[in-house]
Amino acid sequence: MLAASTRRACAPFRGASRRSVSISASAKSVLYSVPVSNYAARIRYIIQSKGLQSEIDIVSPQAIGGLKSEEYLKLNPQGKMPLMVLPDGTALPESEVIVGYVLDKYAGRGPSLQASTPEARAQAALATRIHDIYLGPAMASMYKPMGIEDRAKGIAALAFQMDVLEGICKGPFMAGSEVTSADAALFPSFVFIEFILPKFFGWKDVFAGRPKLAAWWAAMKADPVAAGVMAEVRGGLEVWEKNNRWKDLGILEQVASTAHKWAY
Ligand SMILES: N[C@@H](CCC(=O)N[C@@H](CS)C(=O)NCC(=O)O)C(=O)O
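A quick note: this is a predicted structure, and the numbers were derived from the prediction, not measured. (Residues numbered from 1 in each chain as written. Predicted model: local features only at pLDDT ≥ 70, side-chain atom pairs only at ≥ 80, totals over all residues. Heavy atoms only, no water.)

## A word on the UniProt feature "domain: GST N-terminal" (unreviewed entry) in the protein chain
Within this numbering scheme, the UniProt entry marks residues 27-110 as carrying the feature "domain: GST N-terminal" (unreviewed entry). The span residues 27-110 is 35% helical and 17% strand by assignment, and the distance between its end C-alpha atoms comes to 22 Å. (UniProt positions renumbered as here; feature names shortened; annotations may be inferred. Helix = DSSP H or I, 4+ residues; strand = E, 2+ residues; numbered from the N terminus.)

If you want it as C-alpha coordinates, here you go:
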(Lines give C-alpha, C1' and ligand atoms only; values in the text may rest on other atoms or scores of the structure.)
Protein backbone atom coordinates (compact mmCIF):
# COMPACT_ATOMS: atom_id res chain seq x y z
CA MET A 1 0.00 0.00 0.00
CA LEU A 2 2.78 2.39 0.87
CA ALA A 3 5.00 1.56 -2.08
CA ALA A 4 3.96 4.62 -4.09
CA SER A 5 4.68 6.94 -1.22
CA THR A 6 7.61 9.28 -1.07
CA ARG A 7 9.60 9.70 2.14
CA ARG A 8 9.54 13.50 2.24
CA ALA A 9 6.87 14.07 4.86
CA CYS A 10 7.19 17.27 6.83
CA ALA A 11 9.26 18.78 4.02
CA PRO A 12 8.23 20.14 0.64
CA PHE A 13 7.77 17.48 -2.01
CA ARG A 14 10.12 17.55 -4.94
CA GLY A 15 10.16 15.26 -7.93
CA ALA A 16 8.65 12.13 -6.38
CA SER A 17 6.82 9.63 -8.54
CA ARG A 18 3.16 10.18 -9.31
CA ARG A 19 0.36 7.68 -9.20
CA SER A 20 -3.07 8.53 -10.48
CA VAL A 21 -5.98 8.24 -8.10
CA SER A 22 -9.61 9.17 -8.49
CA ILE A 23 -10.50 11.45 -5.60
CA SER A 24 -14.17 12.00 -6.35
CA ALA A 25 -15.57 8.59 -7.22
CA SER A 26 -13.50 6.15 -5.18
CA ALA A 27 -15.45 3.28 -3.65
CA LYS A 28 -12.99 3.38 -0.79
CA SER A 29 -11.74 6.09 1.49
CA VAL A 30 -8.31 7.40 0.54
CA LEU A 31 -5.67 8.39 3.10
CA TYR A 32 -2.97 10.75 1.88
CA SER A 33 0.17 9.82 3.75
CA VAL A 34 3.88 9.15 3.36
CA PRO A 35 5.86 6.77 5.56
CA VAL A 36 7.91 9.33 7.51
CA SER A 37 4.94 11.54 8.47
CA ASN A 38 4.38 11.19 12.20
CA TYR A 39 0.85 12.62 12.02
CA ALA A 40 -0.11 10.25 9.22
CA ALA A 41 1.56 7.29 10.98
CA ARG A 42 -0.97 7.54 13.78
CA ILE A 43 -3.77 6.84 11.28
CA ARG A 44 -1.81 4.01 9.63
CA TYR A 45 -1.42 2.38 13.06
CA ILE A 46 -5.18 2.54 13.60
CA ILE A 47 -5.93 1.20 10.12
CA GLN A 48 -3.61 -1.76 10.62
CA SER A 49 -4.67 -2.46 14.23
CA LYS A 50 -8.30 -2.59 13.21
CA GLY A 51 -7.61 -4.56 10.03
CA LEU A 52 -8.96 -1.88 7.70
CA GLN A 53 -6.34 -2.20 4.97
CA SER A 54 -8.91 -3.33 2.42
CA GLU A 55 -11.32 -0.46 3.23
CA ILE A 56 -8.89 2.45 3.05
CA ASP A 57 -6.37 3.11 0.27
CA ILE A 58 -3.15 4.82 1.32
CA VAL A 59 -1.49 7.02 -1.31
CA SER A 60 1.10 9.76 -1.45
CA PRO A 61 -0.04 13.39 -1.85
CA GLN A 62 2.16 13.30 -4.95
CA ALA A 63 -0.64 11.30 -6.58
CA ILE A 64 -2.48 14.62 -6.96
CA GLY A 65 0.50 16.91 -7.36
CA GLY A 66 1.82 17.21 -3.81
CA LEU A 67 0.77 18.99 -0.62
CA LYS A 68 0.84 22.47 -2.16
CA SER A 69 -0.82 21.59 -5.48
CA GLU A 70 -4.09 23.26 -6.46
CA GLU A 71 -5.90 19.95 -6.31
CA TYR A 72 -4.61 19.08 -2.83
CA LEU A 73 -5.22 22.58 -1.45
CA LYS A 74 -8.83 22.34 -2.57
CA LEU A 75 -9.14 19.33 -0.31
CA ASN A 76 -7.03 20.69 2.55
CA PRO A 77 -6.30 24.42 2.40
CA GLN A 78 -3.63 23.94 5.10
CA GLY A 79 -1.56 21.91 2.62
CA LYS A 80 -0.76 19.29 5.25
CA MET A 81 -1.11 15.57 5.63
CA PRO A 82 -2.74 13.36 6.67
CA LEU A 83 -5.93 13.93 4.74
CA MET A 84 -8.70 11.41 4.29
CA VAL A 85 -11.13 11.63 1.39
CA LEU A 86 -14.31 9.65 1.95
CA PRO A 87 -16.10 7.71 -0.83
CA ASP A 88 -18.62 10.58 -1.23
CA GLY A 89 -15.75 13.03 -1.82
CA THR A 90 -15.83 14.60 1.66
CA ALA A 91 -12.35 15.74 2.63
CA LEU A 92 -11.31 15.22 6.26
CA PRO A 93 -8.01 16.86 7.23
CA GLU A 94 -6.39 16.92 10.71
CA SER A 95 -5.14 13.68 12.17
CA GLU A 96 -7.24 13.71 15.34
CA VAL A 97 -10.42 14.35 13.33
CA ILE A 98 -9.55 11.44 11.04
CA VAL A 99 -8.86 9.21 14.05
CA GLY A 100 -12.26 10.11 15.53
CA TYR A 101 -14.01 9.30 12.26
CA VAL A 102 -12.23 5.95 11.75
CA LEU A 103 -12.84 4.83 15.35
CA ASP A 104 -16.51 5.78 15.07
CA LYS A 105 -17.10 4.39 11.58
CA TYR A 106 -15.36 1.08 12.30
CA ALA A 107 -16.32 0.78 15.98
CA GLY A 108 -17.26 -2.87 15.48
CA ARG A 109 -13.93 -3.82 13.89
CA GLY A 110 -10.87 -4.92 15.88
CA PRO A 111 -9.78 -3.22 19.09
CA SER A 112 -11.77 -0.09 20.04
CA LEU A 113 -8.57 1.88 20.83
CA GLN A 114 -10.72 3.84 23.26
CA ALA A 115 -10.34 3.49 27.01
CA SER A 116 -13.21 1.85 28.85
CA THR A 117 -13.78 4.43 31.63
CA PRO A 118 -14.52 8.17 31.44
CA GLU A 119 -11.41 8.85 33.55
CA ALA A 120 -9.11 6.87 31.25
CA ARG A 121 -10.73 8.45 28.19
CA ALA A 122 -10.01 11.89 29.67
CA GLN A 123 -6.43 10.81 30.29
CA ALA A 124 -6.05 9.69 26.68
CA ALA A 125 -7.60 12.95 25.46
CA LEU A 126 -5.16 14.93 27.61
CA ALA A 127 -2.07 13.10 26.33
CA THR A 128 -3.29 13.55 22.75
CA ARG A 129 -3.91 17.25 23.29
CA ILE A 130 -0.48 17.83 24.84
CA HIS A 131 0.98 16.12 21.79
CA ASP A 132 -1.04 18.03 19.23
CA ILE A 133 -0.89 21.51 20.75
CA TYR A 134 2.54 21.60 22.41
CA LEU A 135 4.88 18.73 21.55
CA GLY A 136 3.98 18.48 17.86
CA PRO A 137 4.80 22.11 16.92
CA ALA A 138 8.10 21.94 18.87
CA MET A 139 9.15 18.91 16.79
CA ALA A 140 10.11 21.20 13.89
CA SER A 141 13.16 22.32 15.89
CA MET A 142 14.67 18.87 15.33
CA TYR A 143 14.66 18.89 11.53
CA LYS A 144 13.33 22.05 9.83
CA PRO A 145 15.24 25.18 8.76
CA MET A 146 15.14 27.91 11.42
CA GLY A 147 17.37 30.38 13.26
CA ILE A 148 19.51 29.23 16.16
CA GLU A 149 17.45 31.03 18.84
CA ASP A 150 14.20 29.46 17.68
CA ARG A 151 15.83 26.05 17.41
CA ALA A 152 17.22 26.21 20.95
CA LYS A 153 13.81 27.35 22.27
CA GLY A 154 12.11 24.51 20.36
CA ILE A 155 14.45 21.87 21.78
CA ALA A 156 13.88 23.22 25.31
CA ALA A 157 10.12 23.08 24.68
CA LEU A 158 10.40 19.48 23.52
CA ALA A 159 12.22 18.50 26.73
CA PHE A 160 9.57 20.30 28.79
CA GLN A 161 6.66 18.63 26.99
CA MET A 162 8.32 15.22 27.39
CA ASP A 163 8.38 15.88 31.14
CA VAL A 164 4.71 16.89 31.01
CA LEU A 165 3.90 13.60 29.26
CA GLU A 166 5.97 11.72 31.84
CA GLY A 167 3.64 13.19 34.46
CA ILE A 168 0.52 12.22 32.51
CA CYS A 169 1.47 8.67 31.47
CA LYS A 170 -0.44 6.14 33.59
CA GLY A 171 1.55 3.11 32.43
CA PRO A 172 2.11 0.88 30.75
CA PHE A 173 0.16 2.79 28.11
CA MET A 174 -0.70 6.47 28.18
CA ALA A 175 -4.17 6.01 29.69
CA GLY A 176 -3.47 2.81 31.65
CA SER A 177 -3.72 -0.86 30.77
CA GLU A 178 -5.40 -0.41 27.37
CA VAL A 179 -3.80 0.78 24.14
CA THR A 180 -5.70 3.85 22.96
CA SER A 181 -5.55 6.36 20.16
CA ALA A 182 -3.37 8.50 22.48
CA ASP A 183 -0.60 5.93 22.13
CA ALA A 184 -1.11 6.00 18.37
CA ALA A 185 -0.74 9.80 18.41
CA LEU A 186 2.44 9.78 20.43
CA PHE A 187 4.63 6.91 19.38
CA PRO A 188 5.42 8.10 15.80
CA SER A 189 6.64 11.43 17.20
CA PHE A 190 8.82 9.56 19.68
CA VAL A 191 10.44 7.74 16.76
CA PHE A 192 11.66 11.19 15.65
CA ILE A 193 12.73 12.09 19.19
CA GLU A 194 14.61 8.84 19.79
CA PHE A 195 16.30 8.93 16.37
CA ILE A 196 17.23 12.61 16.13
CA LEU A 197 18.06 13.96 19.58
CA PRO A 198 20.92 11.57 20.49
CA LYS A 199 22.35 11.56 16.95
CA PHE A 200 22.31 15.29 16.20
CA PHE A 201 21.69 17.14 19.48
CA GLY A 202 23.93 15.23 21.91
CA TRP A 203 21.21 13.74 24.14
CA LYS A 204 22.48 10.63 25.97
CA ASP A 205 19.14 8.88 26.40
CA VAL A 206 15.84 10.59 25.72
CA PHE A 207 14.12 8.38 28.33
CA ALA A 208 16.67 9.00 31.12
CA GLY A 209 14.82 10.46 34.12
CA ARG A 210 11.52 9.63 32.42
CA PRO A 211 10.83 6.09 33.67
CA LYS A 212 7.15 6.01 32.75
CA LEU A 213 7.86 7.07 29.19
CA ALA A 214 10.69 4.49 29.05
CA ALA A 215 8.27 1.71 30.08
CA TRP A 216 5.64 3.03 27.67
CA TRP A 217 8.17 3.06 24.81
CA ALA A 218 9.16 -0.55 25.59
CA ALA A 219 5.48 -1.56 25.60
CA MET A 220 4.85 0.17 22.26
CA LYS A 221 7.89 -1.46 20.66
CA ALA A 222 6.53 -4.85 21.75
CA ASP A 223 3.31 -4.22 19.80
CA PRO A 224 3.96 -5.73 16.32
CA VAL A 225 1.71 -3.24 14.51
CA ALA A 226 3.40 -0.29 16.24
CA ALA A 227 6.83 -1.82 15.51
CA GLY A 228 5.95 -1.99 11.80
CA VAL A 229 4.81 1.64 11.71
CA MET A 230 7.91 2.69 13.68
CA ALA A 231 10.06 1.02 11.01
CA GLU A 232 8.26 2.99 8.27
CA VAL A 233 8.86 6.31 10.05
CA ARG A 234 12.47 5.43 10.90
CA GLY A 235 13.10 4.41 7.29
CA GLY A 236 12.14 7.92 6.21
CA LEU A 237 14.44 9.47 8.80
CA GLU A 238 17.30 7.27 7.60
CA VAL A 239 16.79 8.63 4.08
CA TRP A 240 16.94 12.17 5.47
CA GLU A 241 20.20 11.30 7.24
CA LYS A 242 21.65 9.71 4.11
CA ASN A 243 20.76 12.89 2.20
CA ASN A 244 22.69 14.98 4.77
CA ARG A 245 19.60 16.87 5.86
CA TRP A 246 21.03 17.99 9.22
CA LYS A 247 24.30 19.19 7.66
CA ASP A 248 22.70 20.87 4.65
CA LEU A 249 20.18 22.75 6.80
CA GLY A 250 23.00 24.10 8.97
CA ILE A 251 21.65 22.30 12.01
CA LEU A 252 24.97 20.62 12.85
CA GLU A 253 26.68 24.00 12.73
CA GLN A 254 24.07 25.54 15.05
CA VAL A 255 24.33 22.69 17.53
CA ALA A 256 28.12 23.12 17.62
CA SER A 257 27.52 26.49 19.32
CA THR A 258 28.03 26.24 23.07
CA ALA A 259 26.08 29.47 23.61
CA HIS A 260 22.88 27.41 23.73
CA LYS A 261 21.76 24.28 25.54
CA TRP A 262 20.91 21.40 23.20
CA ALA A 263 20.86 18.27 25.35
CA TYR A 264 18.49 17.73 28.28
N1 LIG B 1 -2.42 19.49 12.85
C2 LIG B 1 -2.09 18.64 11.73
C3 LIG B 1 -0.59 18.63 11.53
C4 LIG B 1 -0.19 17.87 10.29
C5 LIG B 1 1.23 18.14 9.86
O6 LIG B 1 1.91 19.07 10.35
N7 LIG B 1 1.68 17.35 8.91
C8 LIG B 1 3.00 17.53 8.33
C9 LIG B 1 3.59 16.17 7.97
S10 LIG B 1 4.01 15.25 9.41
C11 LIG B 1 2.87 18.30 7.03
O12 LIG B 1 1.98 18.04 6.27
N13 LIG B 1 3.81 19.21 6.81
C14 LIG B 1 3.92 19.92 5.56
C15 LIG B 1 3.82 21.39 5.70
O16 LIG B 1 3.55 21.88 6.83
O17 LIG B 1 4.01 22.07 4.71
C18 LIG B 1 -2.65 17.24 11.95
O19 LIG B 1 -2.84 16.85 13.12
O20 LIG B 1 -2.94 16.55 10.97
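Next comes the rest of the account.
## So, the pattern of salt bridges
Think of it this way: side chains of opposite charge can pair up when their charged atoms draw near. Here the structure, examined in full by the defined rule, presents eight salt bridges. A salt bridge links Arg210 to Asp163, with the shortest nitrogen-to-oxygen separation between them at 2.7 Å. With Arg210 in the loop between helix H6 (181-201) and helix H7 (211-221) and Asp163 in helix H5 (residues 148-168), the pair connects residues that are 47 residues apart, well separated along the chain. By relative accessible area, Arg210 is classed as buried at 5%. The exposure class assigned to Asp163 is partly exposed, which follows from its relative accessible area of 40%. (Salt bridge = Lys/Arg side-chain N within 4 Å of Asp/Glu carboxyl O. Buried < 20%, exposed > 50% of the residue type's maximum accessible area, 1.4 Å probe, protein only.)

## Some remarks on the packing of aromatic side chains
According to the stated counting rule, one finds 14 aromatic pairs in the structure shown. When the centroid spacing of 6.1 Å and the interplanar angle of 50 degrees are considered together, the rings of Phe201 and Trp262 count as tilted. Of this pair, Phe201 sits in helix H6 while Trp262 sits in the segment after helix H10 (251-255); the two residues are 61 residues apart in sequence, bridging distant segments of the chain. The exposure class of Phe201 is buried, given its relative accessible area of 2%. (Phe/Tyr/Trp six-rings, centres within 6.5 Å; stacked < 30°, edge-to-face > 60°.)

## What to know about the nonpolar core
Core analysis: the biggest nonpolar cluster contains 83 residues, and Met142, Phe190, Phe192, Ile193, Ile196, Phe201 and Trp216 have the highest contact counts within it. Per-element accounting of this core gives the leading share, 13 residues, to H6. Of the residues that make up this core, three or more belong to each of domain 1 (1-113) and domain 2 (118-255). (Core = buried A, V, L, I, M, F, W, Y, C linked by side-chain atoms within 4.5 Å. Domains from an automatic or database assignment.)

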